[in-house]
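These are the residues of each chain, in order.
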Amino acid sequence: MKIDEIDALGHERVIRFEDADSGLRGFVALHSTQLGPAAGGVRMRVYGGEGEALEDALRLSRGMTFKNAAAGLPLGGGKAVIMGDPARDKSPALLAAFGRVVEALGGRYRTAEDMGMTPADMGLIGAETRYVAGLADGPFASGDPSPVTARGIFNAIRTTSRHALGSGDLRGRVVAVQGLGHVGMHLCGLLHGAGARLIVADVDEARVARAREAFGAGAVASAEIFGVDADIFAPCAIGGILNADTIPRLRVRVVAGGANNQLALAGDGARLHARGILYAPDFVANGGGIINVATEILRIENRETWVSEKLAALDRTLERILSRARSRDVGPEEVAEEIVREALSRAAA
Ligand code: NAD
């Protein structure tokens, strides 16, 4: 196994790892451990080259610093990427070798499941290191995070609606939901239970049929979800969907959903603000997922109470962000980043 330190501006530590025997190759980026050990999943996918893989690790680990800090967790931001096709290149030997990389970092990095990984893979990694979460079983195994993620988004929708529409009561509100996967389908259940009317889109027709049947949802083709006449848009599929092409088409007053990296470019937050659309910053709205994983990393005994308290605190953070954004007449994502920077400087002081 070869582990090399890489000089990466703006990050605390970045390493490149390579294990010739198992074919393991990739990067771990520790963006910040100011608030605690750097936590963030390991992603395995095919990259166009080492530059692209490194770029992904840098960007994602920075995002985890923001998400963990906004959720008020004693965790910093980190991420690992493994280069390769999970269907073809993943093997027990490769996962074990990755476990040894994590162990060598001595607990400064806590890994978990991300794209291309499964709970069973986490078990194989966990045979080599204590610093792994997302296990399928065990005393603190946290399981599927999406129900808690959906609860956090539901709170964010109510809070953002209170600011933009004058009330957090969702009865009769129309919500357009993009993506009916783990998060989107749970969210639809909560919205339906609160009396909202749903209009949904997914590239998977079977999921659309399920939402129609279970929640009486209306449906549109996936490209049309941006133009739906609704009160709220909840993106729960993929990133980059708020951009120069889609923002002018939106006919909603609120955007609050679970997808990561919803804004394609930094200026897209200002673009939404200029159109009078109130945006719940994604790394705040979807913080329920990492709160769920944190119960495992931090070995929380009284799980349900702790999760509920953290979700309530996350909601108060969003409330503060939206109030400050309104008084300064700027987009909430600008304030959300500021609030995280303030938390980091307090920790550094
Ligand atoms: P998922 O893979 O279970 O679901 C994604 C859904 O989006 C699928 O049904 C898919 O068919 C659909 N989809 C893909 N492209 C689409 C398109 N162009 N238009 C409409 N639908 C499309 O994923 P998930 O776990 O539900 O996560 C959804 C998003 O939330 C992702 O961005 C993820 O990174 C983010 N997120 C998830 C969690 C969690 O707890 N699972 C936590 C935080 C953030």
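Residues numbered from 1 in each chain as written. Predicted model: local features only at pLDDT ≥ 70, side-chain atom pairs only at ≥ 80, totals over all residues. Heavy atoms only, no water.

Following the criterion strictly, the structure yields 28 salt bridges and no others. The partner of Arg100 in a salt bridge is Glu128, with the nearest N and O atoms 3.8 Å apart. Of this pair, Arg100 sits in helix α3 (residues 92–104) while Glu128 sits in the loop between α4 (119–126) and α5 (146–165); the two residues are 28 residues apart in sequence, bridging distant segments of the chain. Classification of Arg100 by relative accessible area gives partly exposed; the value is 41%. Shared partners join several salt bridges into a network, and the residues in it are Arg43, Arg45, Glu52, Asp56, Arg59, Lys79 and Asp114. (Salt bridge = Lys/Arg side-chain N within 4 Å of Asp/Glu carboxyl O. Helix = DSSP H or I, 4+ residues; strand = E, 2+ residues; numbered from the N terminus. Buried < 20%, exposed > 50% of the residue type's maximum accessible area, 1.4 Å probe, protein only.)

The geometry of helix α10 (residues 288–297) relative to helix α11 (residues 303–328) is characterised by a closest axis approach of 10 Å and an angle of 150° between their N-to-C directions. For the element pair α10 / α11, the angle class is roughly antiparallel. Remark: the crossing between α10 and α11 carries right-handed chirality. Only Arg303, Trp306, Val307, Lys310, Leu311 and Leu314 of α11 make contact with α10, whose side of the interface consists of Gly288, Ile291, Asn292, Ala294 and Thr295. (Axes fitted to C-alpha atoms, helices over the stretch in contact; angles between N-to-C directions. Parallel < 35°, antiparallel > 145°, perpendicular 65-115°, else oblique. Left-handed = near helix turned anticlockwise from the far one by under 90°. Contact = heavy atoms within 4.5 Å.)

Take the site of the ligand next. Residues in close proximity to the ligand total 21 residues, the closest being Thr149, His182, Asp202, Arg207 and Asn260. For the ligand, whose unbound accessible area comes to 830 Å², protein coverage reaches 74%. Grouping the constituent residues of the shell around the ligand by class yields 9 nonpolar, 10 polar and 2 charged. (Near = heavy atom within 4 Å. Areas by Shrake-Rupley, 256 points an atom, 1.4 Å probe, with all protein chains shown as cover. Nonpolar A, V, L, I, M, F, W, Y, C, P; charged D, E, K, R; others polar.)

Looking at the protein, the domain boundaries give domain 1 (2–65 + 77–126) and domain 2 (146–287 + 316–342). Its C-alpha centre places domain 1 at a distance of 30 Å from the equivalent point of domain 2. (Domains from an automatic or database assignment.)

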